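Results of the structural survey
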Amino acid sequence: MKYFSTRGDKRALTASQSIIKGIADDGGLYVPEEIPSGGNISELSNFSYNETALWLMQKYFTDYTHDELKGCVDSAYNAANFFSPDVAPLVHAAGTSFLELYHGKTLAFKDMALSILPHLMTTALKKTKNPKTQVILTATSGDTGVAALEGFKDIDGIKIIVFYPENGVSVVQKQHMITQNAKNICVVGIKGNFDDAQSEVKRILLDKRLNEQLDSNGYEFSSANSINTGRLIPQIVYYFYAYSRLGSQGAVNFVVPTGNFGNILAGYYAKKMGLPIDKLICASNENRVLCDYFDTGVFDSNRPFYLTSSPSMDILVPSNFERLVYEISSDNVQERLTRLSTKQRFTLDVPRDFVGYAATEREVRAAIKKVFAQGYLIDPHTAVAYTAQEKSGERGVIVSTASPYKFTKTVMTSIDDKYERYDDFELMEQMAELTRGSVPVQFCGLKGRDVVHSGVAEIAGMEKCVLEFLQ
């Protein structure tokens, strides 16, 4: 299996090379030369999550040996990293099904891929005999940064720099990032939104002068964002795993809260592989650029940007949408991709695999309260998906992307105004009492941790932050 850039660079890379490189030299994203067939998926019914992951990744990462991939899978999906024996349990509640992807170290779905990416990358470096220190440069709207820091901290031969919107992540997400204490990590708040940070990260990654400077000092850029194939492919796994747990041979819908488009794109790849998916329901918050595209066939990111209670979806220029454009366009691919990267408007036929629905902040709060009244607690991102499913009039599997403990203020005040007087960390105890559970061990003592990373930069100052950290 070879990998090519979405923007026309004809150089073919192996899977391990694409994982190390992260982004193509022409600014494109790497895509497999073909979407492999899933074959006889009925055999998955008795597979564990690890067995499903190995089965699927062998179809894409073909330059890894069986033992290498098995080592990566078993190092990622184990009791030390995931607090559910099922890794991604499928829970039936409130008249629907929730695929819980938040049982990893950082209680968010990003753990599903970022637990294995460091192992895929270090194995790739050994395979390719690459001697350079990898500099992982990542922009985050919240959960990617937390999960990437947990995945890459204290790994020899790798440094990681995370940029996050200073005023665009939850209190808990921010505290988790700025208190990380490891010599190989750097965390910087930026004065701007996620799209600003992501655009500048891509520019830095592709800066020829800067890359030459790093190369002369034994460094090399890569990325932990979902632009990296090592992030995207592992996300396909849980669609197959969820379907195998449904006990149904009919087609199903998946409802996916969508920000940077990687999560739902993985579902699209799963469907192309032959998984019986009827519709991929794209759930948007008030930043409804994707929902509007699926409704009208017009992609237009020139619109107001809103800070919402579901910050991982506060994105107007979703990077992985480029891979969908590449897959479904028959002409003018490069023209559309250029317009996409420069935040311009273009039209594109809507693939029949998708529909889109959006949720307002009021609807999100109402959904949290309604579902809790039926005995189940969800976070704001999952509430966006629940609202989208209700609007679609169809049932499916809701992809639940984060624990409610990451967004205690929104969740608890949605249930009852009386919780308004508590701060986010006090509300963890209140939430545990309300649900007759306990505060996740990952968050115990989080409030009292010493702040290690207090830097804040303008967008134009991000490159300087990178150089200062490496010096």
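Described in the following lines is the structure provided in the data block. Everything numeric in this text was worked out from a predicted model, so none of it was measured.

Notes on the overall build of the chain
Counting its secondary structure elements, the chain contains 19 helices and 15 strands. Taking 23 Å as the expected radius of gyration for a compact globule of 471 residues, we find that the chain reaches 21 Å, a close match to that expectation. For the C-alpha atoms alone, the extent of the chain along its principal axes is close to 60 × 50 × 45 Å. Per element, the accessible surface of the chain, about 17600 Å² overall, is 46% carbon and sulfur. Side-chain charges of the chain comprise 49 positive and 55 negative groups, with the mean position of each set lying 1 Å from the other.

A short note on the pattern of salt bridges
When their charged atoms lie close together, side chains carrying opposite charge are able to pair. As enumerated under the stated definition, the model contains 25 salt bridges in all. The partner of Arg-209 in a salt bridge is Glu-463, and the shortest N-O contact between them spans 2.8 Å. A residue pair is termed long-range when its members are at least 10 positions apart, and Arg-209 in helix H9 (residues 208-216) and Glu-463 in helix H19 (residues 462-470) qualify at 254 residues. Judged by its relative accessible area of 45%, Arg-209 is partly exposed. Assessed through its relative accessible area of 13%, Glu-463 is described here as buried. The closest approach of N and O atoms between Lys-464 and Glu-468, which form a salt bridge, is 3.9 Å. In this pair, Lys-464 and Glu-468 both sit in helix H19, four residues apart, roughly one turn of the helix. Taking relative accessible area as the criterion, Lys-464 reaches 55% and is therefore assigned exposed.

Re the sheet that holds strand E7 (residues 185-190)
Within a beta sheet, neighbouring strands are joined by backbone hydrogen bonds and run either parallel or antiparallel to one another. The strand order E8-E5-E6-E7-E15 describes an open sheet built from five strands, whose pairing is parallel. The open sheet has two edge strands, strand E8 (219-222) and strand E15 (456-457), and neither has a second partner. Running at roughly 165° to strand E6 (residues 158-165), helix H6 (residues 143-152) makes contact with strand E5 (133-139), E6 and E7 of the sheet.

Regarding the side chain of Asp-292
Inspection of the secondary structure assignment puts Asp-292 in helix H12 (residues 289-296). When sequence neighbours within four positions are dropped, the list of residues in contact with Asp-292 reads Gly-297, Val-298 and Arg-303.

Description of the packing of aromatic side chains
Each aromatic ring pair is described using two quantities: the centre-to-centre distance and the angle formed by the ring planes. One pass over the full model with this rule turns up 18 aromatic pairs. Relative to Tyr-77, the ring of Tyr-49 has its centre 5.2 Å away and its plane inclined at 70°; by these criteria the two rings are edge-to-face. A residue pair is termed long-range when its members are at least 10 positions apart, and Tyr-49 in helix H2 (residues 49-60) and Tyr-77 in the loop between helix H3 (66-76) and strand E3 (90-93) qualify at 28 residues. Residues Tyr-49 and Tyr-77 agree in their burial class; the two are buried.

Some thoughts on H2
Over its 12 residues, H2 runs 17 Å from end to end, which matches the ideal 16 Å to within 8%, given 1.5 Å per residue. Counting buried positions along H2 gives nine out of 12 residues, so the element sits mostly inside the fold.

Here we look at the pairing of E7
Of all six residues making up E7, six are buried, and the element is well covered by its neighbours. With six bridges joining them, E6 and E7 adopt parallel strand pairing. When the sheet's bridge partners are listed, Pro-165 is paired in E7 with Ile-190. Handedness of the crossover joining E6 and E7 through helix H7 (residues 171-178) is recorded here as right-handed. By the bridge criterion, two bridges tie E7 to E15 in an arrangement that is parallel. In the sheet register, Ile-190 faces E15, and the bridge partner there is Ala-457.

Points about the sheet that holds strand E10 (residues 277-284)
Here we have six strands laid out as an open sheet, ordered E3-E4-E14-E9-E10-E13, and mixed in their pairing. Here the strands that pair on one side only, and so sit at the sheet edges, are E3 and strand E13 (354-358). The average undirected angle you get between the axes of adjacent strands in this sheet is 25°. Across four bridges, the pairing between E3 and strand E4 (residues 96-100) is antiparallel. Looking at E4, one finds that His-92 is bridged to Ser-97. Against the sheet, helix H10 (residues 229-246) engages E3, E4, strand E9 (252-257) and strand E14 (397-400), with an angle of about 135° to E9. Contacting E9, E10, E13 and E14, helix H11 (residues 262-272) crosses the sheet at an angle of about 170° to E10.

Cut-offs used in this document
- Residues numbered from 1 in each chain as written.
- Predicted model: local features only at pLDDT ≥ 70, side-chain atom pairs only at ≥ 80, totals over all residues.
- Heavy atoms only, no water.
- Helix = DSSP H or I, 4+ residues; strand = E, 2+ residues; numbered from the N terminus.
- Rg over C-alpha atoms; globule rule 2.2 N^0.38 Å.
- Areas by Shrake-Rupley, 256 points an atom, 1.4 Å probe, with all protein chains shown as cover.
- Lys, Arg positive; Asp, Glu negative; His and termini not counted.
- Charge placed at Lys NZ, Arg CZ, Asp CG, Glu CD.
- Salt bridge = Lys/Arg side-chain N within 4 Å of Asp/Glu carboxyl O.
- Buried < 20%, exposed > 50% of the residue type's maximum accessible area, 1.4 Å probe, protein only.
- Pairing = 2+ DSSP bridges.
- Contact = heavy atoms within 4.5 Å.
- Axes fitted to C-alpha atoms, helices over the stretch in contact; angles between N-to-C directions.
- Phe/Tyr/Trp six-rings, centres within 6.5 Å; stacked < 30°, edge-to-face > 60°.
- Expected span 1.5 Å × (residues − 1).
- Right-handed = clockwise from strand over helix to strand, strands pointing away.

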